Amino acid sequence: MTALGALIRRDIRIALRVGGGALIGVLFFLTVVVLMPFAIGPDLALLKRLGPAILWLGALLASLLTLDRLFTADHDDGSLDLITMSRTPLELSCAAKALAHWIAAGLPLVIATPVLGLLLNLDANATAAVALTLLAGTPALTFTGMIGAALAVTLHRGGLLLAVLVLPLSIPVLIFGVAASEAAITEPSLFGAPFSILCALSLLGLVIGPYAAAASLRHGLD
């Protein structure tokens, strides 16, 4: 546990120091949300109705933007070989790195949601619902994206492959995230079902993601 804690702290410090985690993701999230009202027009009712979908789409793209940093830096400086050969199971190391990536890149998106919701004409209840669904769903984006990052880390210019692999896996998270957000706004009694599925997707990613990523790393580094 001490080694895993040190790995989490190290990855968070690197992400915050370089600015590749929270800063780039939040700025891209802000860019998407700011540009959408210009594309949709001055219809505030339409903007409010599409607000949850816009926030979720922006969060998905911002999360995808920073996934390539999950293993690439460690592979370039040789740290990934040390992590693979350490006595700590590689599956736990992958889970720790994914948790650090979510804290540095996913959690800031959740924190920024209440502010960005004002730009989309969302009231406090709607913004809180979207933030809650992002808090439950962004871990699923991170853990499923970790599989694609592990597959692409040993390939030259694997960024395009990462997007191709991760986007289909992220569609169910996007669907149930938007459904839960809209249900909380329009019909609160229907909020429980999509939100429970969203939480289940995050738990499923927590279980499957580290094992799949570890297997991909072992195969790619051999």
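Let us look at the structure shown here. (Residues numbered from 1 in each chain as written. Predicted model: local features only at pLDDT ≥ 70, side-chain atom pairs only at ≥ 80, totals over all residues. Heavy atoms only, no water.)

### Thoughts on helix α3 (residues 44-65)
- Here α3 contains 22 residues, and its C-alpha end-to-end distance of 29 Å stays within 8% of the 32 Å for a straight helix at 1.5 Å per residue.
- Along α3, the sharpest kink reaches roughly 50°, centred on L50 and followed within four residues by the proline P52.
- Within the sequence span of α3, burial applies to L47, G51, P52, I54, L55, W56, G58, A59, L60, A62, S63 and L64. (Helix = DSSP H or I, 4+ residues; strand = E, 2+ residues; numbered from the N terminus. Expected span 1.5 Å × (residues − 1). Bend = angle between axes of the 7 residues up to and from the residue. Buried < 20%, exposed > 50% of the residue type's maximum accessible area, 1.4 Å probe, protein only.)

### Here's the deal with the nonpolar core
- In terms of nonpolar packing, the biggest core is built from 28 residues, with F29, L55, W56 and L120 touching the most fellow members.
- The set of elements that each furnish at least two residues to this core consists of α2 (22-40), α3, α6 (90-119), α7 (124-152), α8 (159-186) and α9 (192-221).
- If sequence neighbours within four positions are ignored, L120 has contacts with V33, P37, L47, K48, G51, I54 and L55.
- Counting residues in each nonpolar core, the second largest holds 26 residues, with I83, L90, M146 and A214 among its members. (Core = buried A, V, L, I, M, F, W, Y, C linked by side-chain atoms within 4.5 Å. Contact = heavy atoms within 4.5 Å.)

### Focus on the side chain of D11
- With respect to the element layout, D11 can be found in helix α1 (residues 2-18).
- Look at D11 and you get buried, because its relative accessible area is 13%.
- Ignoring any residue separated from it by four or fewer positions in sequence, one finds D11 in contact with K97 and A100.

### Examining α7
- The end-to-end C-alpha distance of α7, which contains 29 residues, comes to 40 Å, matching closely the 42 Å that a straight helix rising 1.5 Å per residue would cover.
- Along its length, α7 shows its largest kink, about 35°, at A136, and proline P139 lies within four residues downstream of that point.
- Judged by how many residues are buried, α7 sits mostly within the fold: 23 of 29 residues are covered.

### Quick look at the packing of aromatic side chains
- Taken as a whole, this structure holds one aromatic pair when the rule is applied.
- Where F191 meets F195, the ring centres are 4.9 Å apart and the plane angle is 25°; that geometry is what we call stacked. (Phe/Tyr/Trp six-rings, centres within 6.5 Å; stacked < 30°, edge-to-face > 60°.)

### Description of a nonpolar patch on the surface
- A contiguous nonpolar surface patch, about 800 Å² in accessible area, is contributed by L23, I24, L27, L30, V34, L35, F38, L65 and L119.
- It is α2 that contributes the most residues to the nonpolar patch, seven residues altogether.
- Topologically, L27 is positioned in helix α2. (Patch = residues over 30% accessible without salt bridge, like charges linked within 9 Å, V, L, I, M, F, W, Y side chains within 5 Å. Areas by Shrake-Rupley, 256 points an atom, 1.4 Å probe, with all protein chains shown as cover. Salt bridge = Lys/Arg side-chain N within 4 Å of Asp/Glu carboxyl O.)

### With respect to unusual backbone geometry
- Of note in this structure, N121 is not a glycine but carries a positive phi near 65°.
- Mapped onto the secondary structure, N121 falls in the loop between α6 and α7.
- Classification of N121 as partly exposed rests on a relative accessible area of 33%.

### Some thoughts on empty space enclosed by the protein
- For the structure shown, the criterion picks out one cavity of 30 Å³ or more.
- Its volume calculated, the largest cavity comes out at about 40 Å³.
- L60, S63, L64, L67, L141, V166, L167 and S170 are the residues that line the largest cavity.
- Secondary-structure elements contributing two or more residues to the lining of the largest cavity are α3 and α8.
- By residue class, the composition of the lining of the largest cavity is six nonpolar, two polar and no charged. (1 Å grid on protein atoms, 1.4 Å probe; cavity = no way out; pocket = protein on both sides within 12 Å on 5 of 7 lines; lining within 4 Å. Points joined across faces, edges and corners; volume = space filled by probe spheres on them. Nonpolar A, V, L, I, M, F, W, Y, C, P; charged D, E, K, R; others polar.)

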